[in-house]
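# Observations on the model geometry
Single-letter residue listing:
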Amino acid sequence: MSNKNSTLVSIIMPTYNHGHFIGRALSSVIKQTYKNWELFVIDNFSDDNTQKVMSEFNDPRINYLRVNNFGVIATSRNIGIRKARGKWIAF
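Calculation notes
Residues numbered from 1 in each chain as written. Predicted model: local features only at pLDDT ≥ 70, side-chain atom pairs only at ≥ 80, totals over all residues. Heavy atoms only, no water. Helix = DSSP H or I, 4+ residues; strand = E, 2+ residues; numbered from the N terminus. Buried < 20%, exposed > 50% of the residue type's maximum accessible area, 1.4 Å probe, protein only. Salt bridge = Lys/Arg side-chain N within 4 Å of Asp/Glu carboxyl O.

### Concerning the environment of F21
Inspection of the secondary structure assignment puts F21 in helix α1 (residues 19–30). For F21, a relative accessible area of 43% corresponds to the partly exposed category. Taking the C-alpha atoms as reference, F21 lies 8.8 Å from T50; in sequence the two are 29 residues apart.

Here it is, written out as structure tokens:
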């Protein structure tokens, strides 16, 4: 469990049609020894199995947002940053 004195880290993960990678990426974050994090997966309306893979992860620290970034990945990152509550941001 999270240590009350641990600094919250916000992880921002933009994605588009990476369903074949996203599960492994999420599992990697979950397995980290540092546990005081939140994760924002910002999906640019993928048309592959990304949404299905995301539904398989039931962790309250994982936030899944579907947004149209009009092909500008910085838009997805900026949305994640605005949602983030952590002291540190990781991409």
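### Digging into the pattern of salt bridges
Tallied over the entire structure, the rule returns four salt bridges. Across the salt bridge formed by K52 and E56, the nearest N and O atoms sit 2.9 Å from each other. Judged by relative accessible area, which is 52%, E56 ranks as exposed. Close ionic contact of D59 with R61 constitutes a salt bridge, the shortest N to O distance being 2.8 Å. By relative accessible area, D59 is classed as buried at 15%. The class of R61 is partly exposed, set by a relative accessible area of 22%.

That is the geometry; function is a separate question.
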